[in-house]
Amino acid sequence: QVQLVESGGGLVQAGGSLRLSCAASGRTFSNYAAGWFRRAPGKEREFVTAITRSGGTIRYADSVKGRFTISRDNAKNTLYLQMNSLKPEDTAVYYCAIRDGTIVQDMAGSYDYWGQGTQVTVSS
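Position numbers for residues start from 1 in each chain and track the written sequence from start to end. For this predicted model, a pLDDT threshold of at least 70 governs which residues receive local features, and a threshold of 80 or more governs which side-chain atom pairs are given and counted, while totals over whole chains, interfaces and linings are taken from all residues. The basis for every side-chain value is the complete set of non-hydrogen atoms in the structure, without hydrogens or water.

Asker: Report on the environment of Gly42, specifying residues and quantitative values.
Answerer: One can find Gly42 in the loop between β4 (33–39) and β5 (45–51). Accessible area is worked out with a 1.4 Å probe on protein chains only. A residue is then buried under 20% of its type maximum, exposed over 50%, and partly exposed in between. Exposure remark for Gly42: the relative accessible area of 87% places this residue in the exposed category. Residues Gly42 and Ala92, spaced 50 residues apart in sequence, show a C-alpha to C-alpha distance of 9.9 Å. A run of H or I in DSSP becomes a helix once it reaches four residues, and a run of E becomes a strand once it reaches two; helices and strands are each numbered from the N terminus.

Asker: Requested: an account of the sheet that holds strand β8 (residues 78–83), with residues and values cited.
Answerer: Whenever strands of a sheet pair, they do so through backbone hydrogen bonds, lying parallel or antiparallel. A strand pair is defined by DSSP finding two or more bridges across the two strands. Pairing within the open sheet is antiparallel, and its four strands lie in the order β1-β3-β8-β7. Each edge of the open sheet carries a strand with a single partner, namely β1 (4–7) and β7 (68–73). Within the sheet, the average angular offset between the axes of one strand and its neighbour, ignoring direction, is 15 degrees. When β7 meets β8, the two strands line up antiparallel, connected through six bridges. Directly across from Ser71, in β8, lies its bridge partner Tyr80. Only the contacting stretch of a helix is used when fitting its axis, a line to C-alpha atoms as for every element, and angles between N-to-C directions run 0 to 180 degrees.

Asker: For the nonpolar core, give the residues involved together with the corresponding values.
Answerer: Definition used in this section: a nonpolar core is a set of buried Ala, Val, Leu, Ile, Met, Phe, Trp, Tyr and Cys residues joined via side-chain atoms within 4.5 Å. The biggest cluster of nonpolar side chains holds 36 residues, and the ones touching the most others in it are Leu4, Trp36, Phe68, Leu79, Met83, Tyr94 and Ile98. Those elements that place two or more of their residues in this core are β3 (18–24), β4, β5, β7, β8, β9 (92–99) and β11 (118–123). Looking at this core element by element, the count peaks at five residues for β9.

This is the structure in structure tokens:
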């Protein structure tokens, strides 16, 4: 039904910035709420941020609030994650995900489709 492909990851120095993109296939992207999750080495996947269909409601994990910004361009079927003031503890594989719903959710199990992930490495 839909496929998600993340891009924009890489290696960056602490304090630097990266912008991740998530391109969705098909014509149904605007029907889905969306979010970003991450999985650090040896740890469980954790919630980063989420956004409703039209972008009217946004939620951030406390660990990234004030540093990360989620946005979406439904006309381009694309989700974005702007990451500023990156810290070594932000190092993880970042995943975008979407769900058929109207309410922001922070549980991975609430999401229906997932991208393959993109590696973000922040050096000290």
